[in-house]
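Next come the chains, spelled out residue by residue.
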Amino acid sequence: MKSRHWVLWLPPLLSGALFVALWYGVRAATGLQSWILPTPEEILAAAVREHALLLRAAASTAVGALGGFLAAAVAGLLLALALGGARWLRNGLYPWLLILQMTPVIVLAPIIVLWAGPGLPGIITVTFLISFFPIVVNTTQGLLSADAHMVDLFRMYGATRRQELQLLRLPGALPYFLAGLRIAATLAPIGAIFGEYLVGNAAGGTGGLGFLVYSYNVQIKIPALFATGLIGCLLGFVFVAAVAGLNWALLHHWHDSFERHDR
Amino acid sequence: MSVQPPIVQFRAAGKRFGAGPPVLADITLDVAEGEFVSVIGPSGCGKSTLLRLVSALSPLTSGDLRVAGTTPERAREHLAFVFQEPTLLPWLTAAGNVELPLRLRGVPAAERRAHAGGLLALVRLREAGGLFPRQLSGGMKMRVSIARALSRAPRILLLDEPFGALDEITRNHLNEELLDWRAKAPFTALFVTHSVAEAVFLSDRIVVLAANPGRILAEVPVPFAYPRTAALREDPAYFATVAGVSRRLHAAEEERSA
């Protein structure tokens, strides 16, 4: 088994190298200028040059992303509990949830600034709106997916509804909740950057990565703009890695997804 | 045995789902306390429904059913159920699963842990209490499932093809052990199976159902004294009984296709 570990790291390394080679190739073949298509080394150089600004902005974005993500996790779980508990509530609320999810956030942005205020509250609200849906949908599905025989057994053995929720439905929904969190973790930093771009400028001065996107764009600092994207991407990886860690900590003892096939 | 009233008493009991055709019709059957009764019949004859009626998971639609002298709903505290799948909670250890019914009853942790330990020892899984279901084999999971049912100290154990998914050797072992556990912690058993050999090995009596609608075609007493051991499977009288029940079962299946 050990000899096959290369399957894990070699393919992504190769595809990455191929991608970078292609990038240089396109640049050389087309003769595009740096401000249209910077090379990876120009982007890295810009990242180093602008690192103080980028790091401060990333920290600011991380706060907004984390705030919106946590709010989405808590509210998503609570709403899923309500939806999982009563069919009438599910039927009554689900269409509205869909409508909220389908409405482009960009349309809501002015309203969000009006209601939540500019700056961090608005950014958290945008992040929340973008990342909350997968958590609600997944967790509700999980709460409804309890094994029918287990439900029979709980009823037969005189379990209260609270016991059924606590000992059967909630633990059963945990993998679904975590899958929702995993999707939300990829969306939250994007949501925060988007939020900063839409409503964050009104905060004045101390913008996050979304503000830098705006600022580098108007200054036509394209390598720095790419560097901002890179940092945003890294921030996303931090979020995903944190959820992956949580997933492992909570599930690896018992869940089939951690089954080792080399036994 | 005859002085006590039957612990399960079907009187012209019937069951249909909605406006559909009857699944079970005119079931009249007594099960005495301590008796081991197997129910056998072609698929779709309502064997599992019969158990669901006794456990009040499904109400009957005609006739009468008394369990432990009362209605099935009120008799639930005397019952335990074992399904074909072990239906263990994957996030609880084997011991946690065995404790579950006691936890639902509000038994204090220390007490239920001690009780579960004893039951795991009974089903020869003393060392496996800390393992999670995915670390157990199919046979071990079924032992845990039965130990969980026994933790309720049930007067009546309902078993719905519990060994149907296991290989024959494991199945035979578990058949022998089930009788052994029953000798140590007595219960009345209502056992649904597809296997005639298993039914004969385990039971005092075998009820053969016919299908469409499910009804009792024959009741066959099994003449062997307990305790029964693996040696019974080599007894010519055992073969003869198996052959006799098989004939009744084939008759039931032919009636269905006729």
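Only a predicted model underlies this, so the values are computations on that prediction, with no experimental measurement involved.

1. Side note on the overall build of chain A
Turning to step 1, where the next piece is worked out: Check the secondary structure of chain A and you find ten helices and zero strands.
Turning to step 2, where the next piece is worked out: Across chain A, helices and strands are ordered from the amino to the carboxyl terminus as α-α-α-α-α-α-α-α-α-α.
Turning to step 3, where the next piece is worked out: The principal-axis extent of the C-alpha atoms belonging to chain A is close to 75 × 60 × 30 Å.
Turning to step 4, where the next piece is worked out: Expressed as a percentage of its 263 residues, the buried residues of chain A come to 36%.

2. Thoughts on helix 1 (residues 47–54) of chain B
All names here are of chain B.
Turning to step 1, where the next piece is worked out: Within helix 1, eight of the eight residues are buried, leaving the element largely enclosed by the surrounding structure.
Turning to step 2, where the next piece is worked out: Buried within helix 1 we find K47, S48, T49, L50, L51, R52, L53 and V54.
Turning to step 3, where the next piece is worked out: A positive phi of about 65° marks A56, the residue just after helix 1.

3. Details of the pairing of strand 1 (residues 8–16) of chain B
Residue and element names in this part refer to chain B.
Turning to step 1, where the next piece is worked out: One ladder, built from six bridges, connects strand 1 with strand 2 (residues 22–31); its direction is antiparallel. For Q9, the partnering residue across the bridge sits in strand 2 and is D30.
Turning to step 2, where the next piece is worked out: Counting the residues between successive antiparallel strands, the hairpin from strand 1 to strand 2 contains five residues, one of them, G18, with a positive phi of roughly 60°.
Turning to step 3, where the next piece is worked out: Here strand 1 pairs with strand 4 (residues 62–67) via five bridges, running antiparallel. Directly across from R11, in strand 4, lies its bridge partner D64.

4. Here we look at the sheet that holds strand 1 of chain B
Residues and elements named next belong to chain B.
Turning to step 1, where the next piece is worked out: Reading across the sheet, the three strands line up as 2-1-4 and stay open at both edges, with antiparallel pairing between neighbours. Strands with a single pairing partner mark the edges of an open sheet, and in this sheet they are strand 2 and strand 4. Each adjacent strand pair in this sheet contributes to an overall mean axis angle of 20°, direction not counted.
Turning to step 2, where the next piece is worked out: Seen against the sheet, helix 1 touches strand 1, strand 2 and strand 4 and runs at an angle of roughly 120° to strand 1.

5. Some details on unusual backbone geometry
Residue and element names in this part refer to chain B.
Turning to step 1, where the next piece is worked out: Cis geometry is found at the peptide bond from N212 to P213, where omega equals -10°.
Turning to step 2, where the next piece is worked out: Within the element layout of this structure, P213 appears in the loop between strand 8 (205–210) and strand 9 (215–221).
Turning to step 3, where the next piece is worked out: Going from Y226 to P227, the amide bond is cis rather than trans, its omega being -5°.
Turning to step 4, where the next piece is worked out: One non-glycine residue, A153, lies in positive phi territory at about 45°.
Turning to step 5, where the next piece is worked out: By the secondary structure assignment, A153 is in the loop between helix 4 (138–150) and strand 6 (156–160).
Turning to step 6, where the next piece is worked out: For N212, which is not glycine, the phi torsion reads 55° and is therefore positive.
Turning to step 7, where the next piece is worked out: Along the polypeptide, N212 turns up in the loop between strand 8 and strand 9.

6. Considerations on the packing of helix 9 (residues 209–218) of chain A against helix 10 (residues 222–251) of chain A
Residues and elements named next belong to chain A.
Turning to step 1, where the next piece is worked out: Between helix 9 and helix 10, whose axes approach to 9 Å, the crossing angle comes to 165°. It follows from the interaxial angle that helix 9 and helix 10 lie roughly antiparallel. Between helix 9 and helix 10 lies a crossing of left-handed hand. Listed contacts from helix 10 to L209, L212, V213, Y216 and N217 of helix 9 are A224, L225, T228, I231 and G232.
Turning to step 2, where the next piece is worked out: Looking at side-chain class alone, the contact of helix 9 with helix 10 contains seven nonpolar, three polar and no charged residues.

7. Brief notes about the sheet that holds strand 6 of chain B
All names here are of chain B.
Turning to step 1, where the next piece is worked out: Read from one edge of the open sheet, six strands run 5-6-7-3-8-9, paired in mixed fashion. Where the open sheet ends on each side, the last strands, each with one partner, are strand 5 (79–82) and strand 9. Shown here is a sheet whose adjacent strand axes are inclined to one another by a mean of 20°, direction ignored.
Turning to step 2, where the next piece is worked out: Direction of pairing for strand 3 (residues 36–40) relative to strand 8: parallel, over a ladder of four bridges. Bridged to V37 within strand 8 is R205.

8. A word on the interface of chain A and chain B
Interfaces are frequently sized by the accessible area removed from exposure as the parts join.
Turning to step 1, where the next piece is worked out: Listed per partner, the contact involves 16 residues of chain A and 14 residues of chain B.
Turning to step 2, where the next piece is worked out: For the side of chain A that touches chain B, the elements supplying multiple residues, two or more each, are helix 7 (148–156) and helix 8 (161–198) of chain A.
Turning to step 3, where the next piece is worked out: The dominant element in the side of chain A that touches chain B, judged by the number of residues it contributes, is helix 7 of chain A, at five residues.
Turning to step 4, where the next piece is worked out: Classifying every residue of the side of chain A that touches chain B gives seven nonpolar, five polar and four charged.

9. Re the confidence of the model for chain B
For any part of a model where pLDDT is low, the fine detail of the predicted coordinates should not be relied upon.
Residue and element names in this part refer to chain B.
Turning to step 1, where the next piece is worked out: With 98% of its residues at a pLDDT of at least 70, chain B reaches an overall mean of 94.
Turning to step 2, where the next piece is worked out: For chain B, helix 7 (residues 236–257) is the element with the lowest average pLDDT, namely 89, and strand 7 (residues 188–192) is the one with the highest, namely 98.
Turning to step 3, where the next piece is worked out: Scored as a complex, the prediction yields pTM 0.89 and ipTM 0.90.

What counts as what
- Residues numbered from 1 in each chain as written.
- Chains lettered and ligands numbered in written order.
- Predicted model: local features only at pLDDT ≥ 70, side-chain atom pairs only at ≥ 80, totals over all residues.
- Helix = DSSP H or I, 4+ residues; strand = E, 2+ residues; numbered from the N terminus.
- Buried ≥ 20, exposed ≤ 12 C-beta atoms within 10 Å, placed from the backbone.
- Pairing = 2+ DSSP bridges.
- Axes fitted to C-alpha atoms, helices over the stretch in contact; angles between N-to-C directions.
- Contact = placed C-beta atoms within 7 Å.
- Parallel < 35°, antiparallel > 145°, perpendicular 65-115°, else oblique.
- Left-handed = near helix turned anticlockwise from the far one by under 90°.
- Nonpolar A, V, L, I, M, F, W, Y, C, P; charged D, E, K, R; others polar.
- pLDDT = per-residue confidence, 0-100.

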